[in-house]
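As a plain string of letters, each chain reads:
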Amino acid sequence: MITINLLPKHLRPVKRTPIPHILSILVLLAAIAGMVVVFGAVHAQLMIKRGELDGVQKDLAGLQAVKDEYDQLMADKTKLASKINAIEEITRDRIIWSRQLYNLNRLAPDNLWYTDIAVDTKRIEKEAPMVGKDGKPVLDPNTNKPRMSKVNVDIPLLRVAGYVIETPDGRLDTGTFARAAETDEEFSSLFQIEPPRVEDTTYEGYRVRKFTFEFVIKKGGESS
């Protein structure tokens, strides 16, 4: 059977081809596939970096003990440096320690004996002029005098520890030794006595007084 379309050409329905739709779908599918590939690559890189981060963190945790040991060594180095400085300062002052040991023995009363004699350092707080970045003192604009600040310094000292037993009249006396050390011309020219630490106790059944005297080593003291 033959069908004849008698409508004018401009009124006839347009036959649309599906090719543009197919191409659009293919482009969309290609874009989605590309995004999936990119996402997979990024995810893989992220997992690799995360694995590297975990490895670095484990390495850091393993090095923590080394870091702690390093920090302790640096702290010990600082303490040792202060002791070396004190020893060098004492050496510069040319203190003859054999003579000072003799003096300690000479100044000790009969009821006193030593358990420890040592040269050490002690950190104290003192006021000192503030210094600017240029190395010059910082002046107060109101008084035109250097501003003062608290600083910690290490000072050399002689530490003496021991015991005294009762005197014939029953006293536990460390004052006799302290007065002798303060008034002896030779010893006091090199050492300045500090307030002692004392404690009454017993030693092998005897009543005794335990003491620790600290003597600040003066700068520039002449050797005996």
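Residues numbered from 1 in each chain as written. Predicted model: local features only at pLDDT ≥ 70, side-chain atom pairs only at ≥ 80, totals over all residues. Heavy atoms only, no water.

Draft legend 1. View of the overall build of the protein. Along its length, the protein carries four helices and five strands. Across the 224 residues in the protein, those meeting the buried criterion constitute 21%. Contacts in the protein between residues far apart in sequence, at least 24 positions, make up 70% of those at least 6 positions apart. Of the roughly 17,100 Å² of accessible surface on the protein, a fraction of 59% belongs to carbon and sulfur atoms. (Helix = DSSP H or I, 4+ residues; strand = E, 2+ residues; numbered from the N terminus. Buried < 20%, exposed > 50% of the residue type's maximum accessible area, 1.4 Å probe, protein only. Contact = heavy atoms within 4.5 Å. Areas by Shrake-Rupley, 256 points an atom, 1.4 Å probe, with all protein chains shown as cover.)

Draft legend 2. Local environment of the side chain of Thr174. Mapping Thr174 onto the fold places it in the loop between strand S2 (148-165) and helix H3 (175-183). With sequence-adjacent residues up to four places away left out, Thr174 is seen in contact with Val164, Val198, Arg209, Phe211 and Phe213.

Draft legend 3. Spotlight on the nonpolar core. Of all hydrophobic cores here, the largest spans 19 residues; its most connected members are Leu158, Phe177, Phe187, Phe191, Phe213 and Phe215. For this core, the element with the highest residue contribution is strand S5 (residues 206-217), accounting for four residues. Setting aside its immediate chain neighbours within four residues, Phe177 contacts Leu104, Leu107, Ala108, Pro109, Leu112, Tyr114, Phe213 and Phe215. (Core = buried A, V, L, I, M, F, W, Y, C linked by side-chain atoms within 4.5 Å.)

Draft legend 4. How the structure looks around the pattern of salt bridges. Taken as a whole and judged by the stated rule, the model has 13 salt bridges. Where Lys122 meets Glu214, a salt bridge forms, and the shortest distance between an N and an O atom there is 3.1 Å. Taken as a pair, Lys122 in strand S1 (residues 112-129) and Glu214 in strand S5 lie far apart in primary sequence, 92 residues in all. One salt-bridge network, held together by shared partners, links Asp120, Lys122, Arg159, Glu194, Arg197 and Glu214. (Salt bridge = Lys/Arg side-chain N within 4 Å of Asp/Glu carboxyl O.)

Draft legend 5. The arrangement of H3 in detail. Those residues of H3 not exposed but buried are Phe177, Ala178 and Ala181. Projected down its long axis, H3 carries its buried residues within an arc of 100 degrees, all on one side. Where H3 is buried, its residues contact helix H2 (97-107), S1, helix H4 (185-188), strand S3 (191-193) and S5. (Arc of directions from axis to C-beta.)

Draft legend 6. Focus on the packing of aromatic side chains. Counting across every chain of the model gives twelve aromatic pairs. Both rings, one in Tyr114 and one in Phe177, keep their centres 6.2 Å apart while their planes meet at 70 degrees; by these two values the pair is edge-to-face. You can see Tyr114 sitting in strand S1 and its partner Phe177 sitting in helix H3, a full 63 residues away along the chain. Given a relative accessible area of 22%, Tyr114 falls into the partly exposed group. Note on Phe177: relative accessible area 0%, which makes it buried. Put simply, the rings of Trp97, Tyr114, Phe177, Phe187, Phe191, Phe211, Phe213 and Phe215 pair up and form one aromatic cluster. (Phe/Tyr/Trp six-rings, centres within 6.5 Å; stacked < 30°, edge-to-face > 60°.)

Draft legend 7. Geometry of H2. Buried residues of H2: Gln100, Asn103, Leu104 and Leu107, and no others. Looking straight down H2, one finds its buried side chains confined to an arc of 100 degrees; they lie on one side. Every exposed residue of H2 that faces more than 90 degrees away from the buried side is listed here: Ser98 and Asn105. Contact partners of the buried residues in H2: S1, S2, H3, H4 and S3.

Draft legend 8. Focus on unusual backbone geometry. Positive phi outside glycine occurs at Asn144, with the angle close to 60 degrees. For Asn144, the location among the structural elements is in the loop between S1 and S2. On the basis of relative accessible area, Asn144 is assigned to the exposed category, the value being 57%. Even without glycine at this site, Glu204 takes up a positive phi of about 50 degrees. Within the fold, Glu204 resides in the loop between strand S4 (197-203) and S5.

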